[in-house]
Structure formats: structure tokens, C-alpha cells
Amino acid sequence: MLSSIAIQNLLSVGFCVLRDIDASRFIEIASAMGTPTPTRRDGPVLDVLTPKREQDARPSTISAHYGLGEFPWHSDGAVDKDPPRYILMRAGTVTADSATTDILDLRSLGEGEMLKKYSRLSLLVSARNFSYVAPFVMRRNGVMCAKWDPLRTTPTGKRAEEFLSEVPTAPPTAVHHWQPSDVLIIDNWRCLHRRSAATASPREIHRIVVKSRED
Ligand SMILES: O=C(O)CCC(=O)C(=O)O
Ligand SMILES: [Fe+2]
């Protein structure tokens, strides 16, 4: 389903970009990569993302806190015990100066040693009705799986606070400038992502997150 170049990019840098993908092919690609999963209970599988002011956003969303400003680094579905493996985003309406999507490959924070170091750091994960403690990075099916969302995860203990204080200001490892019909696929276990501050240009991005089938 994905070209070997796209697969190679996903493996080497944690994301890939496909050009000129129509809406139905987007859904086919998402379904081939895993199980498309709604991001909200009883919500649709395909989210339509547009920049929103705080007061216009659904409560508890990133937009409700950060509005049209730059989003913080986060992984999607960070409160899930089993966060989605991939995020697929397709540009519906964008122009050259629409806000970018930025990527932070967590391997850039320290490669092999990092997994060992970060797996010892824990987060308090706060969902709507429950909370639990989870490592920042764990291994799932032999693959690194990190979770991070400043609205829902809090480093616990001094060491975790110290190490993880670097994350919010870490520079992106990639910045995606959107063209219409681009599809961006992000490994949500390995990379954090964010939207840059909204611009006056229109921006409508369609998103499908998929869970791993192996789980
Ligand atoms: O619009 C984007 O580029 C990313 C938005 C995002 O990360 C989110 O809504 O969770
Ligand atoms: Fe996100």
C-alpha cells in the first residue's frame, strides 16, 4: 500500500509524506495501516481540524487551551493505555502559508540510551474519569511507545521533572509545509507533533488515527 520510499522514511525518521492523495485513497491507506479509531467516544473516524479560538473550541481540547497559538508537543491519544500507532493527516484546504505541522522524533533526544533512560521516568496520566501512572516511554511489541500531552500527562518525581523539562522546548526534527492533497503519516509512538500558530490563510486538515492490529 505504501511505496518502499515511504516505508523507508517512516522507519528512518518516524514520518512520511505522500503527495496528491484523493479522499478515498486516504481512507484506504489508513485502513491498510491499522484499525481506524475515533479520537472521541462516539465520534467519527475522520476528524476535520481547523484552527479555532479558545472560546469556539470543544472543552478540554488543545484548541480550548491554545486557541490559534502554537500547539505544544504532544502525542495523540496519550491518555489511552494503547495510544494510536499512526496519525494520518490529509490536507483538504491549505495554502502555502497555512500553519505547518511540526514533528519531533524522540530518538533525536538520545537514540538507544534514551529508551533505557526515559523508560524509568513516569508520568501521571489524567483521563476524564481516572488516572494512572505510566512510563514516558515503554516497549510495545518490541517497538518504542511514548506518550506525552501537557494537558493530560504530568512528570512524577524530581528526576522525571528534570529530564522531561527539555521536551516542551525541543526544536522540531521536521516541519511540514502543506500542499493540497498531501498526506502526512506520523509514527505516534515514536514522534511528538504540534501545529504551528495559525495564520490568516484557510486550513482544513482531515485526520484519521489508527491502532496497531498486533495489539
Ligand atoms: O493541525 C495540525 O497540524 C495538528 C493538530 C493536532 O495535533 C491535534 O489537533 O491533535
Ligand atoms: Fe495532535
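Conventions used here
- Residues numbered from 1 in each chain as written.
- Chains lettered and ligands numbered in written order.
- Predicted model: local features only at pLDDT ≥ 70, side-chain atom pairs only at ≥ 80, totals over all residues.
- Core = buried A, V, L, I, M, F, W, Y, C linked by C-beta atoms within 7 Å.
- Buried ≥ 20, exposed ≤ 12 C-beta atoms within 10 Å, placed from the backbone.
- Helix = DSSP H or I, 4+ residues; strand = E, 2+ residues; numbered from the N terminus.
- Contact = placed C-beta atoms within 7 Å.
- Near = placed C-beta within 6 Å.
- Nonpolar A, V, L, I, M, F, W, Y, C, P; charged D, E, K, R; others polar.
- Pairing = 2+ DSSP bridges.
- Axes fitted to C-alpha atoms, helices over the stretch in contact; angles between N-to-C directions.

Undergrad: I'd love a proper account of the nonpolar core, names of residues and values included.
TA: Ranked by internal contacts, the top residues of the largest apolar core, which has 40 residues, are Phe15, Leu88, Val183, Ile185 and Ile186. Ranked by residues supplied to this core, first place goes to strand β4 (residues 86-93) with five residues. If we skip the residues at most four places from it in the chain, leucine 88 touches Phe26, Ile29, Ala30, Val183, Ile185, Arg207, Ile208 and Val210.

Undergrad: Go over the environment of methionine 89 with me, naming the residues and quoting the values.
TA: With respect to the secondary-structure elements, methionine 89 resides in strand β4. Sequence spacing of methionine 89 and isoleucine 185 is 96 residues, and the spatial spacing of their C-alpha atoms is 6.5 Å. When neighbours within four sequence positions are excluded, methionine 89 is seen to be in contact with Thr101, Val183, Leu184, Ile205, His206 and Arg207.

Undergrad: Could you give an account of the site of ligand 1, naming the residues involved and the relevant values?
TA: Around ligand 1, the neighbouring residues are Leu49, Ile62, Phe71, Asp76, Thr101, His193, Arg195 and Ile205. Its residues assigned to classes, the shell around ligand 1 comprises four nonpolar, two polar and two charged.

Undergrad: How would you sum up unusual backbone geometry? Please name residues and give values.
TA: The backbone of aspartate 20 sits at a positive phi, close to 55°, despite the residue not being glycine. In this structure, aspartate 20 sits in the loop between β1 (15-18) and α2 (23-33). Here asparagine 141, not a glycine, exhibits a phi torsion of approximately 50°, which is positive. Following the sequence through the fold, asparagine 141 ends up in the loop between β8 (137-140) and β9 (143-146). Given 10 C-beta atoms within a 10 Å radius, asparagine 141 is considered exposed.

Undergrad: Explain the sheet that holds strand β7 (residues 131-135) to me, using residue names and the numbers behind them.
TA: Backbone hydrogen bonds are what pair the strands of a sheet, in a parallel or an antiparallel way. Taking strand neighbours across the sheet as the criterion, the three strands line up as β7-β6-β10 in an open arrangement whose pairing is antiparallel. Because the sheet does not close on itself, it has two edges, and the strands there are β7 and β10 (153-156). Neighbour-to-neighbour, the strand axes of this sheet turn through a mean angle of 30°, independent of strand direction. Sheet topology places strand β6 (residues 122-126) next to β7; five bridges connect them, and they run antiparallel. Paired with leucine 123 across the bridge in β7 is alanine 134.

In short, shape yes, function no, at least from these values alone.
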